[in-house]
Structures are given as C-alpha cells and as structure tokens.
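Each chain, written out:
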Amino acid sequence: MNTATSWFVVLPDRAGAAGPAARLRAAGGADMVPHPSGRPWLLGRWRPDEMAVVTAGDRRCAVIGTSSTTAPDLSARMKGVRDATDLERVLRPVHGSFHVVAVLDGHGYARGSAFGGRRLYWTTAGDTTVYADRAHTLARLTAAVPDPAQLAARLAVPHLPHPLAGAAMWTGVHTVPPGHALRTDPGGRTRTAAWWRPPAAELPPAEGATHLRRALRDAVALRVRSGRVLAADLSGGMDSTALCFLAAEAGARLVTATMDWDTPGNQDRHYARYAVERLPGTTSLVFASAELPACFTGLDRRRAPLDEPAVMLRDRARQRHLARALLAEGAVLRLSGHGGDHAVVPPPSYVHALLRREPRTALRHALGFAARDRWSPAATGRMLLDGRSYPAWLGRAHPGKTAAPGPWGPMPALPPWASDEAAERLAALLGRAAGQAEPLSADPGRHAWLHQMREAGRIAALVHDATSADGLPTDSPFCDDAVLTACAAVLPHHAGHPWSYKPLLAAALRGLVPAHLLDRTTKDHCGPDWHRGLKTHQRGLADWAESSHLVAAGVADEGALRRALLSPGLNGGGAPALENTLGAEEWLRDLAARPAPDPLEEEHPRDTTAAR
C-alpha cells in the first residue's frame, strides 16, 4: 500500500457518530477498529506495522506510527492501566514518533507527539466531536473552507510565534497543541489537557551528551529492519552524517544521497566522500546540481495538498528525482538530518536568563553573538534587558516589514507584497493570542528553544507526508520526542554558544563519528542554484502573480508580488519571505485542483481487529 494514504479518524461510541462514519465510508475505503458496541472507533488506512492495538473488554489502546512497541508488548503494559495517567506512565519507555488513542472505562483519550511530529486535530460534525491526524480529512467531512487569517499568517517570516504556529488552515478545524491530549468523558464532553512537561534544563554537558547519544541511537535503530535497504541523506554536515554512522552501527543496508552543489568553495563533496570511505558496504549516490531539474521546476504540476503550506516548492522536482534513484536501489525509507539544528542549537536568547544567573558569562556570550550575527547595540540591549511578559510581547508583535530579534523569539514580519488586509488579519490573530497565551517556559530563551523544537516537528510531519506521495517516505529521527527531550534537559549555554559548532552533538558522537567530520565548522548552500531556478521559471512565476489565489483571497498585492517574482534580487525580504509566499500560493492551487483528500478515495472498510 502507498504510505501516502495512511490516515485515521477517531469516532466516539455514540449514535451521533453514525453520520460522520457513513460519510467517511462513502467517501472512501478504510481499515476499522470497532468500539465494544460494534460502532467504528478508528477509521482510516494504515500499514500493519504502523498500528499496535490492544483490546480488553471496555478498554482499548492503539499506538499508531513508528514506535518501539508491539501488540504483545502493549498488551503487557496495559495490565493494571485504569486512567490516562497510568497509560502515560507505562508508555514512557516507548520511543519513536507516534499517536496514542485509547478508551478507558468509557473515557476517551487521544494525543500526538510532544513536539508536533505527529499532530492531532479535532472538529465538530453535527453534535459529535471527531479527531483525526489530518486536518484536511476533517475539513472534507465538514465542508470547511480555508481561513483567510491563517493564509495571511503563513506569509510571515521567519516563523509564527506560539501558539499561532501550526494552527489548522480551515475554519472550524482546530489543532491540539503538541504535548496536549484530547480527553472525552462518557457524556461526550471534551477538553484539552497537557500530558507532557519539559524536563528541567540542568544537565551538565557530559551527562547531557550521554543522554542524547542514547536517544539518537535508539531513534535510528528503530528505523533499521533486517533485510531492507535504508536510504539516508549525506551532506557531509554533522546531522546527516551522524545518522549514517548510527544506521551503519545498527546494521542497516545503507544507500546515501549527496547533493553536489554548484557553489564556489563547496566542501560537502569532500566531507561526504570522507564519510562514505569509513562506512563499509554503503552505496553512495552523488547528484551534481547541474544534472538535476532546476529549482522551482514543476510549477504547473498539482499534487494532493498537505495539511498546511510548506516551503518545499524550490527543490520538489529535485527531491523526486533523488527518490526515484534511491527507490531503484531498493530503499523503502529515507532518513533526513532535518531537526538537528533545531534540537542541538539553542536560540541566542538564552543569554536573557543567563544574565540573571551568570552575568559575566551572559555578557561574553551576548557580545559573541552580536559580533557573529551583526546585532546592533540596541538589538543586543533588547535581548538582554527586555523584561516584558510573553503576553505583553505578543501584544506588541504587530507584523512589521523586518523581523527583529527578541528574548521570546523574532517578531513576525510580512513581506512587502502582503496586503493591508493581511497585516490587519495577522495583527488580530496576534492580539487574540496575547489575551490568552501562556509561554512554553517562564524563561524566554527556553521558551524560544522549545518553540524552535516544535517547529522542527511540524516541518518533519509535512516532509514525511510530501515524500510519502513520491513513494519513499522521509523520517527525521532528530524530531523524535526522546531526542528533543534529551536536548531540552541540557543547560543551553553548554549546548550551543558563539565559539563552537554544535558542541552538544559533537560530544554525543565522539567515538562513533570520525573527529574530522565532527570538527567541521562550514556549511554549504545552494544560493546560485536558487537564483538560476527563479530565472529559468520567471515566466511561470509571473503567471502565478497574474492569477494568484493569494491575491484573490485578499492577502497579497498583485503588482508588488509580480515585481518580487520578476526581480527577486531586489526583494528586501530575502529567500524565506518569497518561499513562504510561494508555498502558500502552491497550497491554494493544489487545494483548488484536488479538494478531496486522496485517502478518502479508496475501497470499502474492513475490520482490522480480527488478526490482533
């Protein structure tokens, strides 16, 4: 079965759920796990190895996704479990990236992962609350339409602040925040409650490195299966290289993909070659960028829309080309180093709290960041001295034209082609959030780091869905909960600072990865390829401006957008602003072309509990 069709919906054991269940069945085929009454509990489509289900009388539990548990193991863990607290206690040793859905003595429970790699959404269909792992499925169920305010928000750079990031794109469809669960009582009343809390950030470097090493080793080994070929990106950078060596250690039959960028001074090819020479039995594929489709190829190709816009248009055709080559080598899963930067490099705003504890160290680090990142004296002062609460900071985070650094994170900025209506809609979202938002931590720098990790998980989920459609799903082990939690337990000024490159990760990998690779401090880029791609597809991009769905939705100015696409070198917002906009435009075009989710276009449901 194509993994692109994997999905599930959770239905309550109530007569009112018959309508949504019938619509799901009529729209397409699904696997099904029933309630004790025989009504559908889980409807969806999944591979057998993605689902571990245990049923025992009125209690049942499903772990869905990539996990270290199995049905027999889960059955043993469930003995004595009476409520959600018990359930999370017995699942604490289980690692991977997965959803948990349970019914315990009439009480429903459902959650995704702590950092958003597995997301959960809910909506109301009639008088029934329905949960799903895909917002698009719920939007289809309720005939929901895209929310113009969310479209406006997706134009902002560099990213949206908590709690706006990852909000569902449709009216009436809601995101369950990462680290939270939906809990339903026997009467059908539903509430959201936290199931995960961040660890105390107190581990010294050596102990933190040991924990990270163990978590990464487990995450990679979980993806290794006897007899199957595992693909892995190998840029020569520390993140992807670490995964390759860990996969080899776990006994994987490995085929690696290296992009050879046409960039002066490119060093990726050297470091990737050095790594392959020390990974015996590895098949190495090297792709010269000049031989690949130009960036932005495939503007006219419509795809099944993801749950939200994503910045993958630039190299989508290239990644499809790589996927075909890796599939030809027998690969069934691809590992990506995505999330490594988010996990092991805390934002510089950690200096804010550090100033109160260790002022001399904080000032030294702040001056180092100011020199490295070219902060102005005013920006450095704000990072150190801004004492506003998070709601107060959000309340003043009106979308300007430049993203300014601050202790809670960068303020969102809209590109020059965003309409006045877009600015008003985003300001309204920020204002409402300011009235109710709680930070992820009272420490501004820690809040920013946790939010950065959540962003990694959100993007990893989108990458997995997009690449599954090409037949080779991509997993991001750095975004597993256990890995991110291990990083969050480390003192931030030991995990990353201005004078060393990823010291926490380097310490975790000593003895596993050659020192020459761990000591690398450079990072290559594809800037020339990006500009050539824009020039090659300039006409098609200009056509997008003339028929823009964003313009039609009122969130972009046609003239300003056209100028940006025809003269990207003059774009003051840089590549992130343009790519966010193109991602939102592509998403609207995909949605218009394919309004029904592909998973709802299959055969008839079948009961999958018989074999369990």
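If you're wondering where the values come from, they're calculated on a predicted model, not measured in any experiment.

As a further point, take the side chain of Ser548. With respect to the element layout, Ser548 can be found in the loop between helix H22 (538-546) and helix H23 (549-552). A residue is classified by how much of its surface remains accessible, and Ser548, at 5% relative accessible area, is buried. A polar contact is formed between the side chain of Ser548 and the side chain of Glu585, at a distance of 2.7 Å. If sequence neighbours within four positions are ignored, Ser548 has contacts with Leu561, Glu585 and Arg589.

Our focus in this paragraph is the nonpolar core. Counting residues in hydrophobic clusters, the biggest one holds 71 residues, and the most contacted among them are Leu87 and Leu212. If you tally residues by element for this core, the top one is helix H7 (residues 238-249), at seven residues. Those residues in contact with Leu212 that sit more than four places away from it in its chain are Val344, Val483, Ala486, Cys487, Leu504, Leu505 and Ala508. Val9, Leu11, Met32 and Val173 belong to the second largest nonpolar core, which has 52 residues in total.

On to a negative patch on the surface, then. On the surface, Asp420, Glu424, Asp557 and Glu558 cluster together to form a negatively charged patch. If you trace the backbone, Asp557 turns up in the loop between H23 and helix H24 (558-566). Classification of Asp557 as partly exposed rests on a relative accessible area of 38%.

Take the packing of helix H16 (residues 444-468) against helix H17 (residues 481-488) next. Axis separation between H16 and H17 bottoms out at 11 Å; the angle between their running directions is 165°. As summarised for this structure, H16 and H17 are arranged roughly antiparallel, according to the angle between their axes. Where H16 crosses over H17, the two elements pack in a sense that is right-handed. Across the interface between the two elements, Arg446, Trp449, Leu450 and Met453 from H16 touch Leu484, Cys487 and Ala488 from H17. Classifying every residue of the contact of H16 with H17 by side-chain character gives six nonpolar, no polar and one charged.

It is worth spelling out the state of the cysteines at this point. Under the defined criterion, the tally for this structure stands at zero disulfides. Just so you know, Cys487 is unpaired, no disulfide at all, and the nearest cysteine sulfur is the one on Cys479, 10 Å from it. Since its relative accessible area comes to 0%, Cys487 is described here as buried.

Contact pair helix H6 (residues 205-223) / H17: the axes reach a minimum separation of 8 Å and the direction vectors enclose 170°. As summarised for this structure, H6 and H17 are arranged roughly antiparallel, according to the angle between their axes. Contacts between H6 and H17 involve His211, Leu212, Ala215, Leu216 and Ala219 from the former and Ala482, Val483, Ala486 and Cys487 from the latter. Taken together, the residues that form the contact of H6 with H17 break down as eight nonpolar, one polar and no charged.

Within a sheet, adjacent strands bond to each other through the backbone by hydrogen bonds, running parallel or antiparallel. A sheet is described by the order of its strands in space; here five strands give the open sequence S15-S14-S13-S16-S17, paired in parallel fashion. Two strands bound the open sheet, and with one partner strand each, they are strand S15 (283-288) and strand S17 (474-475). As defined by bridge partners, strand S16 (residues 331-335) adjoins S17 across two bridges and the pair is classed as parallel. Bridge pairing links Leu335 to Asp475 in S17.

Within the secondary structure, His447 sits in helix H16. With near-sequence residues (within four places) excluded, His447 lies in contact with His162, Tyr390, Trp408, Pro439, Leu440 and Ser441.

Considering all chains together, one arrives at seven aromatic pairs under this definition. Between the aromatic rings of Phe115 and Trp196, the centroid separation amounts to 4.9 Å while the plane-to-plane angle is 65°, which identifies the pairing as edge-to-face. Linking Phe115 in the loop between strand S7 (107-111) and strand S8 (120-125) with Trp196 in the loop between strand S12 (190-194) and H6, this pair joins segments that are 81 residues apart in sequence. Like Phe115, the residue Trp196 is buried in the burial classification. Grouping aromatic residues by their ring pairs yields a cluster made of Tyr350, Phe369 and Trp375.

Let us look at the pairing of S16. Among the five residues in S16, four count as buried, and that is most of the element. Alignment of strand S13 (residues 229-233) against S16, held across four bridges, turns out to be parallel. Counted as the bridge partner of Ala232 is Leu335 from S16.

Rules and cut-offs
Residues numbered from 1 in each chain as written. Predicted model: local features only at pLDDT ≥ 70, side-chain atom pairs only at ≥ 80, totals over all residues. Heavy atoms only, no water. Helix = DSSP H or I, 4+ residues; strand = E, 2+ residues; numbered from the N terminus. Buried < 20%, exposed > 50% of the residue type's maximum accessible area, 1.4 Å probe, protein only. Polar contact = N/O pair within 3.5 Å; in protein donor to acceptor, adjacent residues only side chain to side chain. Contact = heavy atoms within 4.5 Å. Core = buried A, V, L, I, M, F, W, Y, C linked by side-chain atoms within 4.5 Å. Patch = residues over 30% accessible without salt bridge, like charges linked within 9 Å, V, L, I, M, F, W, Y side chains within 5 Å. Areas by Shrake-Rupley, 256 points an atom, 1.4 Å probe, with all protein chains shown as cover. Salt bridge = Lys/Arg side-chain N within 4 Å of Asp/Glu carboxyl O. Lys, Arg positive; Asp, Glu negative; His and termini not counted. Charge placed at Lys NZ, Arg CZ, Asp CG, Glu CD. Axes fitted to C-alpha atoms, helices over the stretch in contact; angles between N-to-C directions. Parallel < 35°, antiparallel > 145°, perpendicular 65-115°, else oblique. Left-handed = near helix turned anticlockwise from the far one by under 90°. Nonpolar A, V, L, I, M, F, W, Y, C, P; charged D, E, K, R; others polar. Disulfide = S-S within 2.5 Å. Pairing = 2+ DSSP bridges. Phe/Tyr/Trp six-rings, centres within 6.5 Å; stacked < 30°, edge-to-face > 60°.

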